[in-house]
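# Architecture and fold: a report
Next come the chains, spelled out residue by residue.
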Amino acid sequence: MGHDLGAGTDMIGDQDHRRALRLLERRLLLRRGLSLSALGLLTGCNLQDGDAVDRLLWSMSRWNDRVQAWLFDPNRLAPTYAARDITTPFPFNAYYPEDDAPEIDADDYRLAVSGRVSDTAPWTLARLRALPQQGQITRHICIEGWSAIGQWSGVPLRVFLERVGADLRAGFVGFKCADRYYSSIDMATALHPQTNLALDFGTAPLPTKYGFPLKLRVPTKLGFKNPKHIVAIIVTNDNPGGYWEDQGYNWFSGS
Ligand SMILES: Nc1nc2c(c(=O)[nH]1)N[C@H]1C(S)=C(S)[C@@H](COP(=O)(O)O)O[C@H]1N2
Ligand SMILES: [Mo]
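These numbers were taken from a predicted model, which means no experiment stands behind them.

## Details of the sheet that holds strand β5 (residues 182–186)
- Here we have four strands laid out as an open sheet, ordered β1-β9-β4-β5, and mixed in their pairing. Of all the strands in the sheet, just β1 (112–115) and β5 have a single pairing partner and so form its edges. Strand-to-strand twist in this sheet, taken as the mean axis angle between neighbours without regard to direction, amounts to 20°.
- Relative to β5, strand β4 (residues 172–177) runs antiparallel, the two being bridged by five bridges. The partner of Val173 across the bridge, within β5, is Ile185.

Here it is as structure tokens:
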């Protein structure tokens, strides 16, 4: 199908390249709130830093094309991989350094549910683990130009939404995290068979840095639409936006 993005974490190149991409992306976002997709259209335009930027834009554009070709199709499952393909160590990413990841006490944890649902009772981890569990080995793609393969499993979001009596015709499902992060997805994506409320990473509970105790795993979306440390879920017709989405990243980041 031509959506193999290559193995390993460094599909674009070295650290400098990655840093440069990040700077470029930030500049474009500041300028006009341009999305990554719009960036592809600018290739060869009047950005002025000469060859370096040009090469960067070309590789970014190619990267973006491949990502877009690979990404969301509601009729298709995201590619899955074998255990030997798993990236070790798996990269950490957040808007803060690893040491600042929120520490959540498993016994005190409660998942809040609100909005267009019939049952708003909070969920303990034990209750979440008592629901049917499922998982896949899939590729996580970060907008900053890296990707990595990992294994996540937990409760299919569809199962959870049905269990709380969610209005499955509502437009959006929003997620609030224990840090200041938040994100949201459209209902079609929420009901996609691979969209998962992940409790486990590999064969053990999610480590703190990867989102303990609960992370949304959406293999059909970019990494930033995979909120970690989820503490609240809302079903709503008002687009809840997101931490990066509200700073100009393309909201759909999939199609
Ligand atoms: N709560 C929370 N979730 C988050 C983020 C964050 O900063 N806080 N960053 C997002 C981004 S941009 C990426 S690439 C992935 C990184 O997940 P990882 O640390 O498991 O690789 O988490 C996403 N979910
Ligand atoms: Mo990301």
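## Quick look at the side chain of Thr195
- As for its placement among the helices and strands, Thr195 is situated in the loop between α6 (187–190) and β6 (196–201).
- Sequence-distant contacts of Thr195, defined by excluding residues within four places in its chain, comprise Pro156, Leu157, Ile185, Thr189, Ala190, Leu216, Arg217 and Val218.

## So, unusual backbone geometry
- Following Thr88, the chain continues to Pro89 via a peptide bond in cis, the omega torsion being -5°.
- By the element assignment, Pro89 lies in the loop between α3 (51–70) and β1.
- In this chain, Phe212 is followed by Pro213 through a cis amide linkage whose omega measures 0°.
- Positive phi values are uncommon outside glycine, yet His229 reaches one of about 50°.

## A short note on the nonpolar core
- Core analysis: the biggest nonpolar cluster contains 44 residues, and Leu111, Leu128, Leu157, Phe160, Leu161, Phe175 and Leu197 have the highest contact counts within it.
- Elements with a minimum of two residues in this core: α4 (125–130), β3 (146–156), α5 (157–163), β4, α6, β6 and β9 (230–236).
- Among all residues touching Leu128, those that are not within four sequence positions of it are Tyr109, Leu111, Trp123, Gln133, Val155, Phe160, Leu199 and Leu214.
- The next biggest cluster of nonpolar side chains, apart from the first, holds eight residues, and it includes Ile143, Cys177, Tyr181 and Tyr243.

## Some thoughts on the site of ligand 1
- Ligand 1 sits among 22 residues. The nearest are Pro91, Asn93, Asp179, Asn226 and Lys228.
- Residue Pro91 places a main-chain N or O atom 2.7 Å away from an oxygen atom belonging to ligand 1.
- Contacts to ligand 1 include Tyr95, whose backbone N or O atom sits 3.1 Å from an oxygen atom.
- In isolation ligand 1 has 540 Å² of accessible area, and contact with the protein removes 98% of it.
- For the shell around ligand 1, the residue count by class is 13 nonpolar, five polar and four charged.

## A closer look at the pairing of β6
- In terms of burial, β6 is largely enclosed, as six of its six residues are buried.
- Pairing geometry for β3 and β6, over five bridges, is antiparallel. Bridge assignment links Gly154 to a residue of β6, and that residue is Ala198.
- Both β6 and strand β8 (residues 215–217) contribute to a ladder of three bridges, which runs antiparallel. In the strand pairing of β8, Ala198 is matched with Lys215.

Quick notes on the rules
- Residues numbered from 1 in each chain as written.
- Chains lettered and ligands numbered in written order.
- Predicted model: local features only at pLDDT ≥ 70, side-chain atom pairs only at ≥ 80, totals over all residues.
- Heavy atoms only, no water.
- Pairing = 2+ DSSP bridges.
- Helix = DSSP H or I, 4+ residues; strand = E, 2+ residues; numbered from the N terminus.
- Axes fitted to C-alpha atoms, helices over the stretch in contact; angles between N-to-C directions.
- Contact = heavy atoms within 4.5 Å.
- Core = buried A, V, L, I, M, F, W, Y, C linked by side-chain atoms within 4.5 Å.
- Buried < 20%, exposed > 50% of the residue type's maximum accessible area, 1.4 Å probe, protein only.
- Near = heavy atom within 4 Å.
- Polar contact = N/O pair within 3.5 Å; in protein donor to acceptor, adjacent residues only side chain to side chain.
- Areas by Shrake-Rupley, 256 points an atom, 1.4 Å probe, with all protein chains shown as cover.
- Nonpolar A, V, L, I, M, F, W, Y, C, P; charged D, E, K, R; others polar.

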